[in-house]
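Notes for the structure review
These are the residues of each chain, in order.
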Amino acid sequence: MRANDENALRTELADIGHALVTELRDEGEAVQLLESLGSIIPQYDGKVRHDVTYQPGYDHQSYSRSTNTIRAHTEAPGWAPEPPRYLALFCHRQDRFGGGHTDLLDGAVLREQLSPTELSLMASTPIAFPGRNESSTEAPMFQTQADGRLLLRFSFNLLTSGSYEAILTGPAPDHAKLPIGARGAALAEQVGELFDKFRTRILIPENGLLIWDNHRLLHARSEYSDRARHLTRFWLATM
């Protein structure tokens, strides 16, 4: 999709929940396009852009600035009053060895594949999702909003390790210290298996912009090797 077709962009976001815009001139043009969809809002550090590129010190974590796999999640599930509506990644340099895919799965597909017990757990059990400045939001993983739209909050890492940025080495976590214990960890593993089976896998081209509905879609990232890989992440709110 080209940047000058805003109607097609909005249609794809409404129909399938994500859109890939290619052949942008630079990040500035990407920002202009995003501002046509909503307001670019501050992220965890208070800045409106986050560089997704390797930095030393995170090699044993599932974190955006490591090269490790990041499992299925929605962004900022504990953000108040609600998580960012859209996420976007602009690619400056892609992994030269073919890794670093962005994977997406529609929450509606997930709901079709889960058992009634798993669906009940996701829809009826409040979880304390950490937010900004030691705040948290208590909410179930599946909510139906007043307009009928799905609001999905999920973090594989939180349910299995107690943190959004899981440590990948060391002893297994004590289930008693997890948000909803062993049943939450088991649910996360099941969601992870379904995610891997039904996901859409996208390798964002350089000067490409991937946008998706964070209330509707889970996302993840595959491991990569090229430490010069560089993307910029944006959060959007809509009125």
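Residues numbered from 1 in each chain as written. Predicted model: local features only at pLDDT ≥ 70, side-chain atom pairs only at ≥ 80, totals over all residues. Heavy atoms only, no water.

1. Topic: the sheet that holds strand β13 (residues 217-221)
Put simply, the rule is: Whether two strands pair comes down to DSSP finding at least two bridges between them. Strands here mean DSSP runs of E at least two residues long; helices mean DSSP runs of H or I at least four residues long; both are numbered from the N terminus. Axis geometry follows a simple rule: fit a line to the C-alpha atoms, using only the stretch in contact for helices, then measure angles between N-to-C directions, giving values from 0 to 180 degrees. By the convention used here, residues are in contact when the closest approach between their heavy atoms is within 4.5 Å.
Pairing within the open sheet is antiparallel, and its 4 strands lie in the order β4-β13-β6-β11. Two strands in the sheet have a free side with no partner beyond their single neighbour: β4 (70-73) and β11 (200-202). Recorded for the sheet is a direction-independent mean angle of 15 degrees between the axes of neighbouring strands. The pairing of strand β6 (residues 102-106) with β13 spans 5 bridges and is classified as antiparallel. Note that in β13 the partner of Leu 104 across the bridge is His 219. Sheet strands touched by helix α6 (residues 181-198): β4, β6, β11 and β13. Its angle to β6, the strand with the most contacts, is close to 105 degrees.

2. Observations concerning the packing of helix α4 (residues 116-124) against α6
Operational definition: Any angle from 65 to 115 degrees is called roughly perpendicular, while one under 35 is roughly parallel, one over 145 is roughly antiparallel, and all others are oblique. Crossings are sorted by hand: turned counterclockwise from the far helix by less than a right angle, the near helix makes the crossing left-handed, and turned clockwise it makes it right-handed.
Remark: α4 packs on α6, axes separated minimally by 11 Å, with the N-to-C direction vectors making an angle of 115 degrees. One finds that α4 runs roughly perpendicular with respect to α6. The hand of the α4/α6 crossing is left-handed. Contacts between α4 and α6 involve Glu 118, Leu 121 and Met 122 on the former and, on the latter, Arg 183, Leu 187, Gln 190 and Val 191.

3. Observations regarding the nonpolar core
The nonpolar side chains of a soluble globular protein tend to be buried with one another. This is how it is decided: Here, nonpolar core means buried Ala, Val, Leu, Ile, Met, Phe, Trp, Tyr and Cys residues that are tied together by side-chain atoms lying within 4.5 Å of each other. For the exposure calls, accessible area comes from a 1.4 Å probe over protein chains only, and a residue counts as buried if that area is under 20% of its type's maximum, exposed if over 50%, partly exposed in between.
Within the largest apolar cluster, 24 residues are counted, with the highest numbers of intra-cluster contacts made by Leu 110, Met 122, Met 141, Phe 154, Val 191 and Leu 218. Looking at this core, the elements that each hand over two or more residues are α4, β7 (127-130), β10 (150-152), α5 (156-161), α6 and β13. Top contributing element to this core by residue count: α6, with 5 residues. If we skip the residues at most four places from it in the chain, Val 191 touches Leu 110, Leu 114, Met 122, Phe 154 and Leu 218. Listed in part, the 18 residues of the second largest apolar core include Leu 24, Val 31, Leu 34 and Ile 211.

4. A look at the pairing of strand β5 (residues 86-93)
In terms of burial, β5 is largely enclosed, as 6 of its 8 residues are buried. Relative to strand β12 (residues 209-213), β5 runs antiparallel, the two being bridged by 5 bridges. If you follow Phe 90 over to β12, its bridge partner there is Leu 209.

5. What about the packing of aromatic side chains?
Stated precisely, the cut-off is as follows: Between the rings of Phe, Tyr and Trp (Trp by its six-membered ring), a pair exists once the centres lie within 6.5 Å; its type follows the angle of the planes, with under 30 degrees stacked, over 60 edge-to-face, and the other angles tilted.
Throughout the structure, instances matching the rule amount to 4 aromatic pairs. A ring pair is formed by Tyr 44 and Trp 79, whose centres lie 5.6 Å apart and whose planes are at 90 degrees; its orientation type is edge-to-face. Taken as a pair, Tyr 44 in the loop between β2 (39-41) and β3 (50-53) and Trp 79 in the loop between β4 and β5 lie far apart in primary sequence, 35 residues in all. Since its relative accessible area comes to 11%, Trp 79 is described here as buried. With 5.2 Å between their ring centres and 80 degrees between their planes, Tyr 44 and Trp 235 make a pair best called edge-to-face.

6. Description of the UniProt feature "domain: TauD/TfdA-like" (unreviewed entry) in the protein
Formally: UniProt positions are given in the numbering used here, feature names are shortened, and annotations may be inferred rather than shown by experiment.
Mapped onto the present numbering, the UniProt feature "domain: TauD/TfdA-like" (unreviewed entry) falls at residues 8-235. Between the end C-alpha atoms of residues 8-235 there is a gap of 21 Å, over a span that is 25% helix and 27% strand.

7. Some words on unusual backbone geometry
Look at the link from Ala 80 to Pro 81: it is a cis peptide, with omega at 5 degrees. Positive phi, normally seen in glycine, also occurs at Glu 23, with a value near 60 degrees. In this fold, Glu 23 is placed in the loop between β1 (18-21) and α2 (27-35). Glu 23 gets classed as exposed once you look at its relative accessible area, which sits at 56%. Non-glycine residue Ala 76 carries a positive phi angle of around 50 degrees. Tracing the chain through its elements places Ala 76 in the loop between β4 and β5.

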